[in-house]
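In case you want the letters, here they are:
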Amino acid sequence: MKTDARSSQRIQTEFGHRFVLCWQYNHPDMSILSGKHILIGVTGSIAAYKAADLASKLAQAGAKVDVLLTGAGEKFVSPLTFQSVTGRRAYTDADLWGNEAHVLHVSFGKSADLLVIAPCTADTMAKLAHGIADNLLTVTALAATCPILIAPAMDGGMFDHPATQENLKTLLSRGLLVAGPASGHLASGLSGTGRMIEPMEVLGHIRMALGKNGKLAGKKIIVTAGGTQEAIDPVRVITNHSSGKQGYALAQAALDAGAEVCLITTTTALTLPVGAHVVHVKSVQEMLDALLNKSADALVMAAAAADFRPKNIAKEKMKKRDGIPQIELEAAPDVLGTLSTVGGEKRRFKVTVGFAAESQSLLENAAEKLKSKGLDFIAANDISAKDAGFAVETNRLTLLFADGTKENLPLMSKTEAAEKIMEHIARLLE
Ligand code: CTP
């Protein structure tokens, strides 16, 4: 049988009265979802098709996904679609009057880690705001003890209507989580605010909801990511091979652990983690400037910041006809070095973490940087290995701590490495 590169396991799931075999994929990049019981409520909007993608992504990430369709939801997408992607039967209003009726909504409402209603129509929003429980989904929502997240979807005029806005206010005041809606093209042909946000974005909100009370709840973490770009002229830059993947994984791991996250990044090629406050920079100077007025519980300098930069940036594009240019370099500011000396006695970051990208004498060089940069710990990274370091999905790190201890992390995904680093940050902040 074909296996996926990701860890996968053969499991048996109940599918109505039959048993079928299906594959459960544990995406290493979404471990926060693994084993979670997530209810998806699907209501009557054309965006219901996006719910099938969402259910599929959650199931692939190892979540136990139960789908509850309203009558109108069923008109857009059939229960079979959801059964096919989750490997579990999907529930409809027929089940409200069936054998399991008396326990179904209560047990769902109590056992689930999260109820996500996506898409959530204006009608269902109104029902939730007024405690109306006239179908399986709204009965379950009323019985639910878990957090509820809604992704509204409706025509622009309906979302802007004072009735919907009042309902939205009521729901927010009760602590219900709301993701979207987005602005853009609507099914009516009009443009406006009312589009359901994309499944990947809903997924980001689900992660935030599940991580809310995590190990870093209430903590602020700043992560830098990517290789800096030092301009030579208006066209050319000096940069490096850093992709920003490890930095983005760190930002996501911090979000998953419940932290408030600021991501200072040079890259625009990666999907931004939902919920992070993002600052885009290019040069090492811009990165330093972005950090100078900030404080946080922890700073993780995963960016590959330049050590050298052109002394003078040519105002106009250098022309070939003028011959090969002689570019004079000067030292770029050392971000960690500067931050450890500004701000006087009071450290603006309780924990500071650096990365040491080395092609030789890995541990000796990393230990020297740990000390000279005043870090709490450093992740030493052998960039000569093909399966670790720049641009690949995996990393093999050795963590060196200021107290002299060290931890070898075997080859693992950058996500897993990020989670380990966040565990240590949480421990040091305790
Ligand atoms: N760093 C920094 N400012 C720079 C360069 C690097 O703050 N101008 C940070 C990196 O983000 C990393 C740590 O310092 O967390 C070590 O970076 P690295 O490039 O490995 O070391 P350098 O100090 O630049 O020394 P060298 O390049 O000579 O190894």
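That block above? That's the structure.
Per chain, residue numbering runs from 1 following the sequence as it is written. Under the rules for a predicted model, residues below a pLDDT of 70 receive no local features and side-chain atom pairs below 80 are neither given nor counted, while totals for whole chains, interfaces and linings still include all residues. Excluding hydrogens and water, the side-chain figures rest on all heavy atoms present in the structure.

**Q** Explain the packing of helix α1 (residues 48-60) against helix α9 (residues 199-211) to me, and be specific about the residues and the numbers.
**A** How two helices pack is summed up by the angle between their axes together with the distance between the axes. The angle between two axes is taken between their N-to-C directions and runs from 0 to 180 degrees, where each axis is a line fitted to C-alpha atoms and a helix contributes only its stretch in contact. Only DSSP runs of H or I with at least four residues qualify as helices, and only runs of E with at least two residues qualify as strands; both kinds are numbered from the N terminus onward. Viewed as axis vectors pointing N to C, α1 and α9 meet at an angle of 50 degrees, and their least axial separation amounts to 9 Å. One element, α1, and the other, α9, form an angle in the oblique class. As for the relative orientation of α1 and α9, their crossing is right-handed in sense. Within the contact between the two elements, α1 uses Lys50, Asp53, Leu54, Lys57 and Leu58 and α9 uses Pro199, Met200, Val202, Leu203 and Ile206. Any angle that is under 35 degrees is reported as roughly parallel, and any over 145 degrees as roughly antiparallel; angles of 65 to 115 degrees are reported as roughly perpendicular and all others as oblique. The sense of a crossing depends on the near helix, which, turned anticlockwise from the far helix by less than a right angle, makes the crossing left-handed and, turned clockwise, makes it right-handed. In what follows, a contact means two residues having at least one pair of non-hydrogen atoms within 4.5 Å.

**Q** I'd like a rundown of the side chain of Glu230, residues and numbers included.
**A** For Glu230, the location among the structural elements is in strand β11 (residues 230-231). Type-normalised accessible area, obtained with a 1.4 Å probe on protein chains alone, sets the label of each residue: buried when under 20%, exposed when over 50%, and partly exposed for intermediate values. As used throughout, the charge tally considers Lys and Arg to be positive and Asp and Glu to be negative, leaving His and the chain termini uncounted. For salt bridges, the criterion is a side-chain nitrogen of Lys or Arg within 4 Å of an Asp or Glu carboxyl oxygen. Buried charge Glu230 goes without a salt bridge, the closest partner of opposite sign being Arg309 at 5.1 Å. Contacts described as polar in this section are N or O atom pairs within 3.5 Å, which, within protein, must combine one atom able to donate a hydrogen with one able to accept it, while residues neighboring in sequence count only if both atoms come from side chains. In this structure the side chain of Glu230 is engaged in a polar contact, spanning 3.3 Å, whose partner is the side chain of Thr228. Not counting chain neighbours up to four residues away, the residues in contact with Glu230 comprise Arg236, Val237, Ile238, Ser283, Val284, Ala306, Phe308, Arg309 and Pro310.

**Q** I'd love a proper account of unusual backbone geometry, names of residues and values included.
**A** Backbone torsion omega between Ala118 and Pro119 reads 0 degrees, so that peptide bond is classified as cis. Following the sequence through the fold, Pro119 ends up in strand β5 (residues 114-120). Residues Gly180 and Pro181 are joined by a peptide bond in cis, for which omega reads 0 degrees. Turning to its location among the elements, Pro181 is positioned in the loop between β7 (177-178) and β8 (182-185).

**Q** Go over the site of the ligand with me, naming the residues and quoting the values.
**A** Close to the ligand lie 16 residues, the nearest being Met301, Ala303, Asp307, Lys369 and Lys373. Separating an oxygen atom of the ligand from a backbone N or O atom of Leu336 is a distance of 2.9 Å. Between the ligand and the protein, one listed contact pairs an oxygen atom with a side-chain N or O atom of Lys369 at 2.8 Å. Only the protein chains shown count as cover for residues, and all accessible areas are computed by the Shrake-Rupley method using a 1.4 Å probe. Protein contacts shield 78% of the accessible area of the ligand, which totals 570 Å² for the unbound molecule. Where the shell around the ligand is concerned, the elements lending two or more residues are α12 (335-341) and β18 (349-358). If one sorts the elements of the shell around the ligand by residue count, β18 sits on top with 4 residues. Here the term charged refers only to Asp, Glu, Lys and Arg, the term nonpolar to Ala, Val, Leu, Ile, Met, Phe, Trp, Tyr, Cys and Pro, and the term polar to all other amino acids, Gly among them. In the shell around the ligand, the residues fall into 11 nonpolar, 1 polar and 4 charged. Here a residue counts as near a molecule or strand whenever at least one of its heavy atoms sits within 4 Å of it.

**Q** Tell me about the state of the cysteines, and name the residues and values.
**A** Here, two cysteine sulfur atoms that lie within 2.5 Å of each other are counted as a disulfide. Considering all chains together, one arrives at 0 disulfides under this definition. The cysteine Cys120 is free of any disulfide, with Cys146 supplying the nearest cysteine sulfur at 14 Å. A residue is classified by how much of its surface remains accessible, and Cys146, at 10% relative accessible area, is buried.

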